[in-house]
Amino acid sequence: MVDTISRGEFAQIVANILLKGEEPSASTETKFSDIVPGTKEANAIAVVDQKGIMVGNDDGTFGADMAITYQEAVKTLVVLMGYERNAHLSGGYPNGYLNTASSIGLTKGVSSAGNGFMSYSQLLKMMVNMSESPVMSIVFDSINSGYVEYAADEDADFLYEFFEISYDKGIITANPQTSLSGKGSSEGTVEINGEEYL
């Protein structure tokens, strides 16, 4: 079983996150010589390219069928989470991105093989880590001076920022069928530490 992810597949995963599960708009043209316009993959690649999250190769190709390296994938996820500026200030590609990923907990518990290829199991672990990591947000933007200040927003983790899903820990005290106190929660909800959630 092949456990590596192609660059095209990775672009589709990232585009799916950016678009919150919606299909990307059909693209009738592409700037990459190895991509056929109008395909699902081409549309996803157009999204991540336009947003500056993934880039092509110097020869004008995207390399969609090539396996994505661990370093490329980490860079993409760091940019997706808004930490590109931090990564540049920490030394740029690849070490600045790897160091930034480590400092925000993105690579916690993920073994890497240097410049080896990204596996599905590594990606899944990073996705779990992303769900618990704050995203970088603009906290001050002065249009006149061109000064922008960024900060990690501890209240807006990845799941909330992209999917409006809150993450919490606690003891489930009720669901619609049963409860610790004798009264179940409303239909379609769960009660955690006495507070009801959808």
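All figures in this text were calculated on a predicted structure; none of them were measured in a lab.

Q: Sorry if this is basic, but what is going on with the sheet that holds strand β3 (residues 172–174) here?
A: For sheets, the rule is that strands pair by backbone hydrogen bonds, running either parallel or antiparallel. If you walk across this open sheet you meet the 3 strands as β3-β4-β5, and the pairing is antiparallel. With partners counted over all chains shown, the strands left at the sheet margins are β3 and β5 (195–197), one partner each. Adjacent strand axes in the sheet meet at a mean angle of 45° when their direction is disregarded. Both β3 and strand β4 (residues 190–192) contribute to a ladder of 2 bridges, which runs antiparallel. Considered in β4, the bridge of I172 is made with I192.

Q: Explain the packing of helix α1 (residues 7–18) against helix α6 (residues 120–131) to me, please; I cannot follow it from the model alone.
A: Any two packed helices are characterised by the angle at which their axes cross and by the distance between the axes. As a packed pair, α1 and α6 sit with axes 13 Å apart at the nearest point and diverge in direction by 20°. The angle between α1 and α6 places the two elements in the roughly parallel class. The two elements α1 and α6 meet at a crossing, and its hand is right-handed. Along the contact surface, α1 presents E9, F10, I13 and I17, while α6 presents Y120, L123 and M127. Split into classes, the residues belonging to the contact of α1 with α6 amount to 6 nonpolar, no polar and 1 charged.

Q: Help me understand the pattern of salt bridges in this model?
A: Pairing between side chains becomes possible if they bear opposite charge and their charged atoms approach one another. Considering all chains together, one arrives at 3 salt bridges under this definition. For E72, the salt bridge is made with R7, and the minimal N-O distance between the two is 3.5 Å. Taken together, the positions of E72 in helix α3 (residues 70–80) and R7 in helix α1 put the pair 65 residues apart, joining distant regions of the chain. A residue is classified by how much of its surface remains accessible, and E72, at 22% relative accessible area, is partly exposed. With a shortest N-O distance of 3.9 Å, E23 and K40 are connected by a salt bridge. Separated by 17 residues along the polypeptide, E23 in the loop between α1 and α2 (40–50) and K40 in helix α2 bring together distant segments of the chain. Looking at E23, the relative accessible area reads 55%, which means it is exposed.

Q: How should the packing of α1 against α2 be read in this particular structure?
A: Between α1 and α2, the least distance of the axes is 8 Å, while the angle of their chain directions is 65°. Note on packing geometry: the crossing formed by α1 with α2 is left-handed. Contacts between α1 and α2 involve G8, E9, A11, Q12, V14, A15 and L18 from the former and K40, E41, A44, I45, V47 and V48 from the latter.

Q: What's the story with unusual backbone geometry in this structure? I'm lost.
A: Leave glycine aside and you will find that most residues have negative phi; peptide bonds, for their part, are mostly trans. Note that the residue after Y93, namely P94, is joined by a cis bond; omega there is 0°. Mapped onto the elements, P94 comes out in the loop between α4 (84–89) and α5 (95–103).

Q: What exactly am I supposed to notice about the nonpolar core here?
A: Here is a general trend for soluble globular proteins: nonpolar side chains tend to be buried in one another's company. One finds F10, L80 and L106 to be the most contacted residues of the largest nonpolar core, which totals 41 residues. Every element with two or more residues in this core is listed here: α1, α2, α3, α5, α6, β1 (134–142) and α7 (158–163). For this core, the element with the highest residue contribution is α3, accounting for 7 residues. Setting aside residues no more than four positions away along its own chain, F10 makes contact with I5, M54, I68, A73, T76, L77 and L123.

Q: Can you help me understand α1 in this one?
A: Residues three or four positions apart in an α-helix share a direction because the helix packs 3.6 residues into each turn. Between its first and last C-alpha, α1 extends 16 Å over 12 residues, near the 16 Å set by a 1.5 Å rise per residue. What α1 keeps buried is the set R7, G8, F10, A11, V14, A15 and I17. Turning to α1, the residues buried within the fold contact α2, α3, α6 and α7. Once α1 finishes, K20 follows within two positions and takes phi at roughly 55°, a positive value.

Q: Explain a negative patch on the surface to me, please; I cannot follow it from the model alone.
A: The grouping of D34, D58, D59 and D65 at the surface amounts to a negative patch. Here D34 shows up in the loop between α1 and α2.

Q: What exactly am I supposed to notice about the environment of G188 here?
A: When you line up the elements, G188 lands in the loop between β3 and β4. Separated by 13 residues in the primary sequence, G188 and N175 place their C-alpha atoms 8.3 Å from one another. Ignoring sequence-local partners within four residues, the contact set of G188 consists of P176, Y197 and L198.

Reading the values: the criteria
Residues numbered from 1 in each chain as written. Predicted model: local features only at pLDDT ≥ 70, side-chain atom pairs only at ≥ 80, totals over all residues. Heavy atoms only, no water. Pairing = 2+ DSSP bridges. Helix = DSSP H or I, 4+ residues; strand = E, 2+ residues; numbered from the N terminus. Axes fitted to C-alpha atoms, helices over the stretch in contact; angles between N-to-C directions. Parallel < 35°, antiparallel > 145°, perpendicular 65-115°, else oblique. Left-handed = near helix turned anticlockwise from the far one by under 90°. Contact = heavy atoms within 4.5 Å. Nonpolar A, V, L, I, M, F, W, Y, C, P; charged D, E, K, R; others polar. Salt bridge = Lys/Arg side-chain N within 4 Å of Asp/Glu carboxyl O. Buried < 20%, exposed > 50% of the residue type's maximum accessible area, 1.4 Å probe, protein only. Core = buried A, V, L, I, M, F, W, Y, C linked by side-chain atoms within 4.5 Å. Expected span 1.5 Å × (residues − 1). Patch = residues over 30% accessible without salt bridge, like charges linked within 9 Å, V, L, I, M, F, W, Y side chains within 5 Å. Areas by Shrake-Rupley, 256 points an atom, 1.4 Å probe, with all protein chains shown as cover. Lys, Arg positive; Asp, Glu negative; His and termini not counted. Charge placed at Lys NZ, Arg CZ, Asp CG, Glu CD.

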